[in-house]
Amino acid sequence: MTVVIDKINAINGVIKELFEFVQTNEQTKEDFKEYLATMGVKEPTPSQMEKLFIPYAFERNLGEPAKSVAELFVESNTASSEDIAKSFLTAQYSIFRVEKILKNGFSLFNLVNEKEYTVLSLTKMTSFRGVIPGEFIVARIFKLNEEYFLIGIDNMLPSNRLKDAIRYAIIKIIQAPWLVYEDNPAKDKEIADDIKTMHKKFLDIFGTDEFITTNRFADTIIGVLNDEDELKNLDMEAAKKPLEEYKYFTIRELNNGFNNFLEKSIGGFSSHLELYDVGIISDEELGLYSIPFYRTFCLIFEGEKINDEKGCIEYFLKNDAISDKILRRIANKYPNFTDKINEVLGTDYTLDTLIETYKPEFLKRKIYSSTSVLFHSIVFSASINMLDEQENDEQQLSETQKNISYKNVGRNDPCPCGSGKKFKNCCMNKIQG
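Every chain is numbered on its own, with residues counted from 1 as its sequence reads. The predicted nature of this model means local features are confined to residues of pLDDT at least 70 and side-chain atom pairs, given and counted, to a pLDDT of 80 or more, with totals for whole chains, interfaces and linings taken over all residues. Values shown for side chains rest on all heavy atoms present in the structure; no hydrogens or waters enter the calculation.

Let us now look at the packing of aromatic side chains. Centres within 6.5 Å make a pair out of two Phe, Tyr or Trp rings, where for Trp the six-membered ring is used; the pair is then stacked when the planes are under 30 degrees apart, edge-to-face when over 60, and tilted otherwise. Counting across every chain of the model gives 27 aromatic pairs. With a centroid separation of 4.8 Å and 45° between ring planes, the pair formed by phenylalanine 19 and phenylalanine 53 is classed as tilted. Taken together, the positions of phenylalanine 19 in helix H1 (residues 2-24) and phenylalanine 53 in helix H3 (residues 46-59) put the pair 34 residues apart, joining distant regions of the chain. We call a residue buried when its accessible area falls under 20% of the maximum for its residue type, exposed when it is over 50%, and partly exposed in between, using a 1.4 Å probe and counting protein chains only. Relative accessible area serves as the criterion here: at 13%, phenylalanine 19 is assigned to the buried category. In textbook terms, an aromatic cluster arises when at least three aromatic residues are bridged by ring pairs, as seen for Tyr248, Phe249, Tyr276, Phe293, Phe297, Phe301, Tyr315, Phe316, Tyr334 and Phe337. To sit over a ring, a charge needs its Lys NZ or Arg CZ within 6 Å of the ring centre and within 35 degrees of the ring normal. A cation sits over an aromatic face here: arginine 140 above tyrosine 93, 4.3 Å from the ring centre. The secondary structure listing takes helices from DSSP runs of H or I that are at least 4 residues long and strands from runs of E that are at least 2 residues long, numbered from the N terminus.

On to the packing of helix H7 (residues 185-206) against helix H8 (residues 215-226). Put simply, H7 and H8 touch, their axes get as near as 10 Å, and they point 115° apart. The crossing of H7 and H8 is right-handed. Here Met198, Lys201, Phe202, Ile205 and Phe206 of H7 come into contact with H8, specifically with Ile221, Val224, Leu225 and Asn226. Asp, Glu, Lys and Arg are counted as charged, while Ala, Val, Leu, Ile, Met, Phe, Trp, Tyr, Cys and Pro are counted as nonpolar; the rest, among them Gly, fall into the polar class. A per-class count over the contact of H7 with H8 returns seven nonpolar, one polar and one charged. Note on definitions: angles span 0 to 180 degrees between N-to-C directions of axes, and those axes are lines fitted to C-alpha atoms, for helices only across the stretch in contact. Crossing handedness is defined as follows: a turn of the near helix away from the far one that is anticlockwise and smaller than a right angle gives a left-handed crossing, while the clockwise case is right-handed. We call two residues in contact when some of their heavy atoms are within 4.5 Å.

Quick look at the confidence of the model for the protein now. Parts of the model with low pLDDT should not have their predicted coordinates read in detail. In the predicted model, the protein carries a mean pLDDT of 87, and the fraction of residues at 70 or more is 86%. Looking at any residue, its pLDDT shows the predictor's confidence there, from 0 to 100. In this model residues 261-265 is a low-confidence stretch, pLDDT under 50, and it forms 16 contacts with partners more than four residues away in sequence or in other chains. Across residues 396-402, where pLDDT falls below 50, the model places six contacts with residues more than four positions away in sequence or in other chains.

Turning to the pairing of strand E7 (residues 147-157), a few remarks are in order. Strand pairing follows a simple DSSP-based rule, namely that at least 2 bridges must link the two strands. Across three bridges, the pairing between strand E5 (residues 115-121) and E7 is parallel. Bridged to leucine 120 within E7 is phenylalanine 149. Taken together, the nine bridges between strand E6 (residues 136-144) and E7 define a ladder with antiparallel strand orientation. For alanine 139, the partnering residue across the bridge sits in E7 and is isoleucine 153.

For this analysis, a salt bridge means a side-chain nitrogen from Lys or Arg found within 4 Å of a carboxyl oxygen belonging to Asp or Glu. Scanning the entire structure with this criterion turns up 31 salt bridges. Between arginine 329 and glutamate 210 there is a salt bridge, with the nearest N and O atoms lying 3.0 Å from each other. Of the two residues, arginine 329 sits in helix H13 (residues 324-333) while glutamate 210 sits in strand E8 (residues 210-214), which places them 119 residues apart along the sequence. Using a relative accessible area of 18% as the deciding quantity, one classes arginine 329 as buried. Here glutamate 285 ties to lysine 325 by a salt bridge, and the two come within 3.7 Å at their closest N and O atoms. Taken together, the residues span a long stretch of sequence, with glutamate 285 in the loop between strand E9 (277-283) and strand E10 (287-292) and lysine 325 in helix H13 at a distance of 40 residues. Linked through salt bridges whose partners overlap, the residues forming this network are Glu71, Glu182, Glu361, Lys364 and Arg365.

This is the structure in structure tokens:
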């Protein structure tokens, strides 16, 4: 027990040093004040600063090439323990199901990478008195010498909010697909092996590693790779037919919030109202990409006049789902790639400095495509089943509603459908809608 306490004290000591670094370092101190202001904290108390500095230190990126504040701290060589400081760089922020409450920590199941962890808490367990097995917690953990430590819990969900936990896990996977496999070698191998198989299948079916289509056909093409019987339903000539006009615009359906994130994402490209081009690209190492406006982007380097060239270029540079390999692929096709980007943006990048500036995460780690990672995610499969059940429930409710009288039902009366909810929280909106 003494050894554990000594470790925890040492780690907390380095966290304190990180806190002091954030407040005194020339590169971070003013930025941290701005960060606090954006959080709505103009005159923070010491406890507020301590709470907000953790996400700042682990998630805030500064400089070019961009580095996290924790990385800057490691490079400063001001930590009393280099090993502990470097261990902060292994931190993962995820959603976990609480399996067991331990004497000095927890047994947790990570919904994102499907791995169970025994974690030691850096604070007294009395701080987590309200946490019980079966609940979900949003937390940050890191690895030091084959042990895992819990920095803190930011949010809790009761066990009956599984759907919200799944939604959160999928958002994390799409934002940071490496969380699924970086700390799970078995999952990494599973994804890598399947990517090679899918790549060969893609070449066999389409005769190329790059297929240009539209959002009307993109979902079907991706589906063919999972079920080749779908190939007979694909009108290949129609799928390859060029658009009459290639243009860049904001896809309205992709601007969605937490509540409808799954529905919009799983609805696929074909559910989008406006027509646009999609590049389906199979990379033998990193997986399957489906990239809106891929052909539109390429036309910029062919001298074609595209509306909002700057917006299209910035979309490809700033979109974290578009890897450095995609940019290098296009640059290999078009010798004028960086010249054209510099002309439009008024910059002076080389290809390497462009990648370092806009795609730094891809230089730090291996990042499989989100599509390939989601194919191997239990929570993603669960979400599809969840939405299927929701759709069936809504269809059954619709049939039930046809035979129910809602005449003279007050807003606050029990809903006649028998759900147990108030009318205003149940069928009223469906009927009026």
